[in-house]
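Listed here are the chains, written in short residue letters.
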Amino acid sequence: MVTLTATAYTIPTDAPEGDGTLAWSSTTLVLAEASADGVTGIGWTYAPAVAAQIITGMLADVVTDADPDDVPAAWLAMQRRIRNAGRPGVAGMALSAVDNALWDLKARRHGLPLARLLGGARAVVEVYGSGGFTTYDADRQHAQLAGWVHEQGIPRVKIKIGESWGADTGRDLARMAAARKTIGDAELYVDANGGYARKQAIRVMRTAADLDVRWFEEPVSSDDLAGLGQVRDAVRPDVAAGEYGYDLVYFARMAPHVDCLQIDVTRCGGITEFQRAAAVAAAHGLEVSGHCAPHQHLAVAAATPNMRHLEWFHDHARIETMLFADAATPIGGRVTPHRDAPGNGYAFRRADAEKWRVQ
Ligand SMILES: [Mg+2]
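Because the structure is predicted, anything quoted here is derived from the model rather than measured.

Conventions and cut-offs
Residues numbered from 1 in each chain as written. Predicted model: local features only at pLDDT ≥ 70, side-chain atom pairs only at ≥ 80, totals over all residues. Helix = DSSP H or I, 4+ residues; strand = E, 2+ residues; numbered from the N terminus. Rg over C-alpha atoms; globule rule 2.2 N^0.38 Å. Buried ≥ 20, exposed ≤ 12 C-beta atoms within 10 Å, placed from the backbone. Contact = placed C-beta atoms within 7 Å. Domains from an automatic or database assignment. Core = buried A, V, L, I, M, F, W, Y, C linked by C-beta atoms within 7 Å. Axes fitted to C-alpha atoms, helices over the stretch in contact; angles between N-to-C directions. Parallel < 35°, antiparallel > 145°, perpendicular 65-115°, else oblique. Nonpolar A, V, L, I, M, F, W, Y, C, P; charged D, E, K, R; others polar. UniProt positions renumbered as here; feature names shortened; annotations may be inferred. Expected span 1.5 Å × (residues − 1). Arc of directions from axis to C-beta.

**So, the overall build of the protein**
Reasoning step 1: Counting its regular elements, the protein contains 14 helices and 14 strands.
Reasoning step 2: Here the C-alpha atoms of the protein give a radius of gyration of 20 Å, agreeing with the 21 Å that 2.2 N^0.38 yields for 359 residues.
Reasoning step 3: Counting only C-alpha atoms, the protein reaches 60 × 40 × 35 Å along its principal axes.
Reasoning step 4: Expressed as a percentage of its 359 residues, the buried residues of the protein come to 53%.
Reasoning step 5: Contacts in the protein between residues at least 24 apart in sequence constitute 69% of all its contacts with a sequence separation of at least 6.

**Looking at the domain arrangement of the protein**
Reasoning step 1: According to the domain assignment, the protein contains domain 1 (3-111) and domain 2 (116-335).
Reasoning step 2: On a C-alpha basis, the centroid separation for the pair domain 1 and domain 2 is 23 Å.
Reasoning step 3: The partner domain 2 presents 34 residues to the 35 residues of domain 1 that form the contact.
Reasoning step 4: Only β1 (3-18), β2 (23-36), β3 (39-46), α2 (71-81) and α3 (90-109) provide two or more residues apiece to the side of domain 1 that touches domain 2.
Reasoning step 5: Take the side of domain 1 that touches domain 2: its biggest share by element is 10 residues, from α3.

**Some details on the nonpolar core**
Reasoning step 1: Judged by nonpolar contacts, the single largest core of 111 residues is most densely connected at Ile-55, Ala-94 and Val-98.
Reasoning step 2: Take this core: its biggest share by element is 12 residues, from α3.
Reasoning step 3: Of the domains in this structure, domain 1 (3-111) and domain 2 (116-335) are the two that each give at least three residues to this core.
Reasoning step 4: With sequence-adjacent residues up to four places away left out, Ala-94 is seen in contact with Ala-51, Ile-54, Ile-55 and Leu-59.

**Concerning the packing of α3 against helix α11 (residues 270-283)**
Reasoning step 1: Where α3 meets α11, the closest approach of the two axes is 6 Å, and the angle between their N-to-C directions is 100 degrees. Considering the angle they form, α3 stands roughly perpendicular to α11. Contacts from Leu-95, Ser-96, Asp-99, Asn-100 and Trp-103 of α3 reach α11 at Gly-270, Ile-271 and Thr-272.
Reasoning step 2: When the residues that make up the contact of α3 with α11 are grouped by side-chain class, the tally is three nonpolar, four polar and one charged.

**Overview of unusual backbone geometry**
Reasoning step 1: In this structure, Ser-164 takes a positive phi of about 50 degrees despite not being glycine.
Reasoning step 2: Among the secondary structure elements, Ser-164 is positioned in helix α6 (residues 163-166).
Reasoning step 3: Phi is positive for Glu-218, close to 40 degrees, though the residue is something other than glycine.
Reasoning step 4: You can see Glu-218 is positioned in the loop between β7 (213-217) and α9 (225-234).
Reasoning step 5: Its 29 C-beta neighbours within 10 Å are what place Glu-218 among the buried residues.

**A short note on the environment of Asp-191**
Reasoning step 1: Tracing the backbone through its elements, the reader meets Asp-191 in strand β6 (residues 187-191).
Reasoning step 2: Since 25 C-beta atoms lie within 10 Å of it, Asp-191 is described here as buried.
Reasoning step 3: When residues no more than four places from it in sequence are discounted, the contact partners of Asp-191 are Asp-19, Lys-158, Lys-160, Ile-161, Glu-217 and Glu-218.

**A look at the environment of Gly-89**
Reasoning step 1: In this structure, Gly-89 sits in the loop between α2 and α3.
Reasoning step 2: Along the primary structure Gly-89 and Ala-32 are separated by 57 residues, whereas in three dimensions their C-alpha atoms are 17 Å apart.

**Re the UniProt feature "domain: Mandelate racemase/muconate lactonizing enzyme C-terminal" (unreviewed entry) in the protein**
Reasoning step 1: When the UniProt feature table is mapped onto this chain, "domain: Mandelate racemase/muconate lactonizing enzyme C-terminal" (unreviewed entry) is found at residues 138-238.
Reasoning step 2: Helix makes up 52% of residues 138-238 and strand makes up 16%, while its end C-alpha atoms are separated by 26 Å.

**Remarks on helix α7 (residues 169-183)**
Reasoning step 1: Its 15 residues place the ends of α7 21 Å apart at the C-alpha level, agreeing with the 21 Å of an ideal helix rising 1.5 Å per residue.
Reasoning step 2: Taken together, the buried positions of α7 are occupied by Thr-169, Asp-172, Arg-175, Met-176, Ala-179, Thr-182 and Ile-183. The buried residues of α7 occupy one face: seen down the axis, they fall within an arc of 140 degrees. In this structure, α7 carries Gly-170, Ala-174 and Lys-181 as exposed residues pointing more than 90 degrees from its buried face.
Reasoning step 3: The elements touched by buried residues of α7 are α5 (138-151), β5 (156-160), α6, β6 and α8 (198-207).
Reasoning step 4: Following α7 by one or two positions, Gly-184 adopts a phi angle in the positive range, close to 60 degrees.

This is the structure in C-alpha cells:
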C-alpha cells in the first residue's frame, strides 16, 4: 500500500527577482511524500500550493494499491486521473512531484542510492550558475557571477535579458557586457524568457557578437517554434528552450527547432517522463539540459546519456540548501549525486521549513 501526503512552503527570495517577462518575491516548493512499509520517499516541484491539494485529493487514491516498485504503473494511473484537470500545468507539476517521490521511495526501500537504481551514464553532472536577474543592480550581478566563477570555479553562468518584454535592449546589452567583464573566459549564457520578437532577438545577438555568448535561451516565446528555429539559424550561440514542457509530445514538437532541449523534472512528469523526453531529444541528435530544481535533477541527470548540464538556479539552489540536509555545493561546476545513502540522499528539514508552510 502506498500513502501520499503533500505540503507546501512559500519562501521569500533574498532580493527581488525578475526576468524578461515576470517578476517575483517568493517561491513555493510543494513536497510530495510517498510511503510504503514504513519507508518514505520524497519528491518536489515548484508550483502553486494548490498542487499539494491535487496530490492528496486526486492522485493519492489512484496509487494506493500500486506496487511501490512499479513506478511506471503508478505514473500511468496518475496521468489518466488528471485527464480533465489538465496534464500540462499545475496537475502535471503534482504528478511530477509524486513520480519523483515514488522513485525515491523505491530506492530507499531497496537500500539503494537513487543514482544507482537509475544507473549512471556519468559520475559527475556539469552545472551552470543561473541568476543575473534583471532586478539586480550592477554590484549585485557582479558579486553573484564572480562568486560562481572565481570562488566556486563554475566555468559557465547565465543572466536574464529581454527586460520588460524587450523594451530595454540597451540595458540588456550593457548587463551582458558587464557580465563578460566579470567572468573573464568563462562561458556566458543568456535567457530572454521569451521577451523578444524574432528579428529583435537576432539583432541583439549580432550587436553582442564580441561577447561570445554561447547559449541563448528562449530568445522568443517557446510557443513560437518557427521563431526559435529562425533565431537558431541566424545566431552563433546555441538556442535552447523546453522549460514549459509537460508532456512527451511537446518535446517532440520542439526538438526540430532548437540546439539543446531543456527538460524540467518537476514539470515534465517526473523522472519517468524525463528519461523518455531525453530519448526524444536523442532521436533528434540533441543533448538535454535540466531546468532549475537542481537537487531533484541530480540522479536522473547522471543517468541520462545525452545530458549536457544542469541549471544551478540561484533561487532554487538557495531554497534546497536551506530545506534539505546534505544538499550539494557545485565546486568546479561539477556535482556528484549521492551514492552513499539510500534514495536521493536528502533529508527534508521539516522543523526549519515549518515557518514557511502554507499548505
Ligand atoms: Mg529559462
